[in-house]
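Listed below, chain by chain, are the residues.
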Amino acid sequence: MSFFLLFFGLPGWNSFFALLFLDYCSLEIRDSCDNVTRGLSFAAHFFVMMMTFFILSLSCCDCLARTCRRTKELKARTVWLGHPEKCEEKYPKNAIKNQKYNFFTFVPGVLYQQFKFFLNLYFLVVACSQFVPALKIGYLYTYWAPLGFVMAVTMVREAVDEVRRYQRDKEMNSQLYSKLTNQRIPADMIFLRTSEKTGSCFIRTDQLDGETDWKLKVAVVCTQRLPALGDLFSINAYVYAQKPQLDIHSFEGNFTREDGDPQIHESLSIDHTLWASTIVASGTVIGVVIYTGKETRSVLNTSSPKNKVGLLDLELNRLTKALFLAQVVLSIVMVALQGFVGPWFRNLFRFIVLFSYIIPISLRVNLDMGKSAYGWMIMKDENIPGTVVRTSTIPEELGRLVYLLTDKTGTLTQNEMIFKRLHLGTVSYGTDTMDEIQSHVVQSYAQPQSAQAPKAAAPPKVRKSVSSRIHEAVKAIALCHNVTPVYETHASVNGETESTAAEADQDFSDDNRTYQASSPDEVALVRWTESVGLTLVNRDLTSLQLKTPAGQILTYYILQIFPFTSESKRMGIIIREETTGDITFYMKGADVAMASIVQYNDWLEEECGNMAREGLRTLVVAKKSLSEEQYTDFENRYNQAKLSIHDRALKVSAVVESLEREMELLCLTGVEDQLQADVRPTLELLRNAGIKIWMLTGDKLETATCIAKSSHLVSRSQDIHVFRSVSNRGEAHLELNAFRRKHDCALVISGDSLEVCLRYYEHEFVELACQCPAVVCCRCSPTQKAQIVHLLKQHTANRTCAIGDGGNDVSMIQAADCGIGIEGKEGKQASLAADFSITQFKHIGRLLMVHGRNSYKRSAALGQFVMHRGMIISTMQAVFSSIFYFASVPLYQGFLMVGYSTIYTMFPVFSLVLDQDVKPEMALLYPELYKDLTKGRSLSFKTFLIWVLISIYQGGILMYGALVLFESEFVHVVAISFTALILTELLMVALNIRTWHWLMVLAEFLSLGCYIASLAFLNEYFDLGFITTPAFLWKVSVITVVSCLPLYIIKYLKRKFSPPSYSKLSS
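Residues numbered from 1 in each chain as written. Predicted model: local features only at pLDDT ≥ 70, side-chain atom pairs only at ≥ 80, totals over all residues. Heavy atoms only, no water.

A tally of regular secondary structure across the chain gives 38 helices and 32 strands. Going through the 1067 residues of the chain one by one, you find that 52% of them count as buried. A fraction of 75% describes how many contacts in the chain between residues 6 or more apart in sequence connect residues 24 or more apart. Summing over all exposed atoms, the chain offers an accessible surface of approximately 48,800 Å²; the carbon and sulfur share of this is 58%. (Helix = DSSP H or I, 4+ residues; strand = E, 2+ residues; numbered from the N terminus. Buried < 20%, exposed > 50% of the residue type's maximum accessible area, 1.4 Å probe, protein only. Contact = heavy atoms within 4.5 Å. Areas by Shrake-Rupley, 256 points an atom, 1.4 Å probe, with all protein chains shown as cover.)

Okay, here's the thing in structure tokens:
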């Protein structure tokens, strides 16, 4: 299985970037108020200029980014075969690029991404202010060292990710595509020639539309008839192709050969295309490339990756803005209490810098390190092996999800069809009784007369034997399909010649045979007929051959074939048996379409319902014997209808329907699509957790509905509302009104109807759909999947998660707040583009219930505690300054401030990433606990205000206690208050821990040991003689007990009289 690519005439595109030159002229700040002008110092000028500079910089970066993102206008093109010099336009290079930056934009790009957030921009301005002597508070390293560390960690992480993306892109772009064997097509092509005698081949489109059904593609007739492959270069021909579009199911173009007399013109449609990312399933294919790079259908349907920011980060960003406002207000109060005397404006900025620890820079470091720890824990979880965290910045999003949008094929199902049931009306056969069918088939073909089809003149009312009915049903299933048997070629094919010689080396044995079809259901049916003795051994455009259990080959000529469509919901075939000349019309289809076609019966509707409740996909099989005169009349009318210019489809349909009357019902088949392991309990778990599940698939409506039932996405007690196909505003309005009257029912809607509803009634449709317990969207394009995600995010403001396994799911995965990819049969494209990669769908339960919960709870606790650590020391600074005549003098300087946020408290605070409120077994047993997480109560303005009050209380106690108990020298106040502060923080960490881990205990004692050991080297700040006295110990102990004991008492009372829900379950 291989194909050749001839890249005819698409030269590379020389990219260029417009340079944007920004000329900043002088910035003049004028003020008419003389008093304010006199109060403005150099510090004020510096601060205003710094803020103005960064605002302008961010605005210019946004403008530059928008300019660079402008896309070139897409145009139609004419591509000449073998003459690239005739192409006037330049087209994109056929290369994959997933990198965010290049060599020149890496540093500016990373800095822009970091400083566009208020938190980092604030720290940069504060650090820069320390270069101004009038604003300098302490040592420069106390401000620049933490900021530099944060930036270094961020840049290293981004650099590692960027190098990995570059290596993956380089590996893909360096592949040679002159000859492919079972690889994906790298560019959009027009199908010119194939080694298959039929002039057609099958391709797999799993990475494009999510369907692993094989699609039949037809070569251009003019080039297929050329005597040799080399003639492609000698003819004077070109392909006209429409401009690149998103729609993967349509194409318009023309093929023209100019050196003929007359010129040859052939229209091109979707049947002549080979889109990039599809796979040629068999044979050798020659094509001309028409679209490359970012103009291919697959790339146009893939959204560009964006930097995802978690909801917790946005909430913390809002809280830091509130803290900054409080910091400014506190600074103004301090200056106001001074009476605005002297250079009050300078003092105001000094107080702002002095209270800058209200917003701790370690917040960003701790959260990023915590997220990395959560990712490591997820990947090391033995219960979900193979899980990979590709985006380490949003693990807490797994604990906030409300909507889960899932693909069907390969995600919920294995896409492996198994024949389960054959019902003949009076008797039903299951998997355990298939041997009876086989014996009946063997017996039928053992008798010479039974090998022939029943005569048309036979009276239809005569009751047939069970053996005869089984034989007719199996024969009908073996003939009514579009399946083609394929035999693997053992000999290698010479790239310069046709593969005719290789056909002689093919192995036609049963072991070497595989089946190709546009539907896996049909393959399952043909495999089943093979298992019971009737085998399809050969098929071309005009005939097919069956092998009986005795080894006899029966040939049937294909007179007409009517393919399956979503409108007709059935397919038919008219065949003529070679030995008898009998003509028979076979048809199979959905029960809703076949019920009015077959003769009256009293069992079909009931049995279809029974099979559907078992999750089986049903097909009704029927036949009609035709005389020679009947067929000739039909053929004339059918050919005449196909030549009609006006209303051709309607006339052809009417002629075919004239045959579809009073057909003999043969049997009802039931096929099961194998679900992935533990899909049903996993979906039940997610539903109980309050997560609404939407299934978005490119598959047919009937298939999607069947899987929704069998997977229990839709419970048995729920009704299903199938949204009628609509094409205009009026129809959409009527159907929405009908849907509005339904209550507690699942919705099933097609992509076309969805597009119409969103065009005219977007808000109304989303509002109604969000009230449904489950939604199934079928026939969705990749772009529509991403659009649905955007709509849910826009209209509900809830967090969304998308999960899929194919290339057609990439846009949806990247658009969602949290994207999960499954490494499956459809490749790793979705897995590589996702934030999290898993190996099985069932792993999503533990990923959300356990790791999502822990990540969110831990990040919320860690973030608030780090802010508490900054607020408590700022409260102490405010009390100190207010007592000492509102002086803008720092309470602690140098190493004390650096050590406070690093070696003295960092390990215990960071150990909160090991805390858990609920054991994993309990979280999986009671998924209802997950509902509380989506309300965001762990981090809210309420919990934030509680921590503010705690910080004010403890900061006041620590400072006032030290001032009351100090004796004569100021250095004693620093020693007592700072030691009490360290002990208070260690005790507060212990207070917040719900489940102790041995590393937590180690972190507590390690930090305490580091502080005690460092006292010997802090003689610059402490009186070593005083801190070894009993007075120091009892004063520190009293202050620490007063600051912490009330909080321990409150926690005990709250747990006793108002325990949280999870503690009730644990007890």
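Moving on from the model shown.
On to the UniProt feature "active site" (unreviewed entry) in the chain, then. In the numbering adopted here, UniProt assigns the feature "active site" (unreviewed entry) to Asp407. Summarising the element assignment, aspartate 407 is placed in the loop between strand 14 (401–406) and strand 15 (413–423). A relative accessible area of 1% places aspartate 407 in the buried class. Setting aside residues up to four positions removed in sequence, aspartate 407 forms contacts with Leu412, Leu696, Thr697, Lys785, Ile803, Gly804, Asp805, Asp809 and Met812. (UniProt positions renumbered as here; feature names shortened; annotations may be inferred.)

So, about helix 36 (residues 998–1014). Look at helix 36: 24 Å from first C-alpha to last across 17 residues, which is about the 24 Å you get at 1.5 Å a residue. Among the residues of helix 36, Met1000, Ala1003, Glu1004, Ser1007, Tyr1011 and Ser1014 are the ones counted as buried. For helix 36, the buried positions fall inside an angular range of 115° around the axis, keeping them on one side. Opposite the packed face of helix 36, turned more than 90 degrees from it, sit the exposed residues Trp998, Phe1005 and Ile1012. (Expected span 1.5 Å × (residues − 1). Arc of directions from axis to C-beta.)

For strand 29 (residues 774–778), a buried count of five out of five residues is recorded, marking the element as mostly surrounded by other parts of the structure. The two faces of strand 29 match: Ala774, Val776 and Cys778 on one face and Val775 and Cys777 on the other face are all buried. Here strand 26 (residues 692–696) pairs with strand 29 via four bridges, running parallel. Within strand 29, the position partnered with leucine 696 by the bridge is cysteine 777. Of the strand pairs in this sheet, strand 28 (residues 745–750) and strand 29 are connected by four bridges, and their pairing is parallel. Counterpart to isoleucine 749 in the pairing with strand 29 is cysteine 777. (Pairing = 2+ DSSP bridges.)

The next thing to look at is the packing of aromatic side chains. The relative placement of two aromatic rings is captured by the distance of their centres and the angle of their planes. Here the structure, examined in full by the defined rule, presents 29 aromatic pairs. Here the aromatic rings of phenylalanine 723 and phenylalanine 765 are separated by 6.4 Å at their centres, their planes lie at 90°, and the arrangement is edge-to-face. Placement of the pair is phenylalanine 723 in the loop between strand 27 (719–722) and helix 23 (729–740) and phenylalanine 765 in helix 25 (residues 762–769), with a sequence separation of 42 residues. Taken together, a centroid distance of 5.7 Å and an interplanar angle of 75° make the contact between phenylalanine 1026 and phenylalanine 1032 edge-to-face. When its relative accessible area of 8% is taken as the criterion, phenylalanine 1026 is described as buried. Look at phenylalanine 1032 and you get buried, because its relative accessible area is 4%. Each residue in the set Tyr892, Tyr900, Tyr904, Phe978, Tyr1011 and Phe1022 is aromatic and connected to the rest through ring pairs, giving one cluster. (Phe/Tyr/Trp six-rings, centres within 6.5 Å; stacked < 30°, edge-to-face > 60°.)

Moving on, we come to the environment of isoleucine 1012. Residue placement: isoleucine 1012 occurs in helix 36. Put simply, isoleucine 1012 and threonine 979 are 33 residues apart on the chain and 9.4 Å apart in space, counted from C-alpha to C-alpha.

With that settled, consider the nonpolar core. General note: in soluble globular proteins, nonpolar side chains tend to be found buried as a group. In terms of nonpolar packing, the biggest core is built from 100 residues, with Ile820, Phe836, Ile844, Leu847 and Leu848 touching the most fellow members. When residues in this core are grouped by element, the largest group, twelve residues, is from helix 29 (residues 843–883). For isoleucine 844, the contacting residues outside a window of four places in its chain are Leu404, Thr682, Leu686, Ile803, Ile820 and Ile838. With 42 residues, the next largest nonpolar core counts Trp528, Leu536, Tyr556 and Ile558 among its residues. (Core = buried A, V, L, I, M, F, W, Y, C linked by side-chain atoms within 4.5 Å.)

Taken in spatial order, the nine strands line up as 16-15-25-24-23-22-21-20-19 in an open sheet, and their pairing is antiparallel. The open sheet has two free edges, formed respectively by strand 16 (428–429) and strand 19 (535–539), since each of these has just one partner strand. Judged from the two bridges that link them, strand 15 and strand 16 form a sheet pairing that is antiparallel. If you follow histidine 423 over to strand 16, its bridge partner there is serine 428.

We now examine the packing of helix 24 (residues 751–760) against helix 26 (residues 782–796). Angle between the axes and distance between the axes: these two values describe a pair of packed helices. Axis separation between helix 24 and helix 26 bottoms out at 12 Å; the angle between their running directions is 40°. Classified by the angle their axes make, helix 24 and helix 26 are oblique. As helix 24 runs across helix 26, the sense of the crossing is left-handed. From helix 24, Gly751, Leu754, Glu755 and Leu758 reach across to helix 26, where they touch Gln784, Gln787, Ile788 and Leu791. Here the residues of the contact of helix 24 with helix 26 are counted per class, giving four nonpolar, three polar and one charged. (Axes fitted to C-alpha atoms, helices over the stretch in contact; angles between N-to-C directions. Parallel < 35°, antiparallel > 145°, perpendicular 65-115°, else oblique. Left-handed = near helix turned anticlockwise from the far one by under 90°. Nonpolar A, V, L, I, M, F, W, Y, C, P; charged D, E, K, R; others polar.)

Here the focus is the pairing of strand 26. Walk down a regular strand and you will see the side chains alternate between the two sheet faces. Among the five residues of strand 26, four are classified as buried, and the element is accordingly described as predominantly covered. Here strand 14 runs beside strand 26; their pairing, made up of four bridges, is parallel. Across the sheet, residue leucine 404 finds its bridge partner in strand 26, namely isoleucine 693.

The next thing to look at is the side chain of serine 1043. Tracing the backbone through its elements, the reader meets serine 1043 in helix 37 (residues 1030–1057). Given a relative accessible area of 0%, serine 1043 falls into the buried group. From its side chain, serine 1043 meets the backbone oxygen of threonine 1040 in a polar contact 2.8 Å long. Once residues within four sequence positions are removed from consideration, serine 1043 is found in contact with Tyr953, Gln954, Ile957, Leu958 and Thr984. (Polar contact = N/O pair within 3.5 Å; in protein donor to acceptor, adjacent residues only side chain to side chain.)

An order of 10-4-12 is seen for the three strands of this open sheet, with the pairing classed as antiparallel. Each of the sheet's edge strands pairs with one partner strand only, and the pair in question is strand 10 (273–274) and strand 12 (285–291). Pairing geometry for strand 4 (residues 188–194) and strand 12, over six bridges, is antiparallel. Considered in strand 12, the bridge of isoleucine 190 is made with valine 288.

On to unusual backbone geometry, then. Of note, glutamate 662 is a non-glycine position whose phi angle comes to about 50°, a positive value. Structurally, the position occupied by glutamate 662 is in the loop between helix 20 (648–659) and strand 25 (664–675). Overall, the relative accessible area of 55% leaves glutamate 662 in the exposed class. One non-glycine residue, arginine 779, lies in the positive phi region at around 55°. Its location among the elements puts arginine 779 in the loop between strand 29 and helix 26.

The next point concerns the pattern of salt bridges. Under the criterion given, the structure shown has 31 salt bridges. Between glutamate 672 and lysine 420 there is a salt bridge whose closest N-O contact spans 3.6 Å. Here glutamate 672 is found in strand 25, whereas its partner lysine 420 is found in strand 15, with 252 residues between them in sequence. Since its relative accessible area comes to 18%, glutamate 672 is described here as buried. For lysine 420, a relative accessible area of 27% translates into the label partly exposed. In the salt-bridge network here, residues are joined through shared partners; they are Glu397, Lys793, Arg799 and Asp817. (Salt bridge = Lys/Arg side-chain N within 4 Å of Asp/Glu carboxyl O.)

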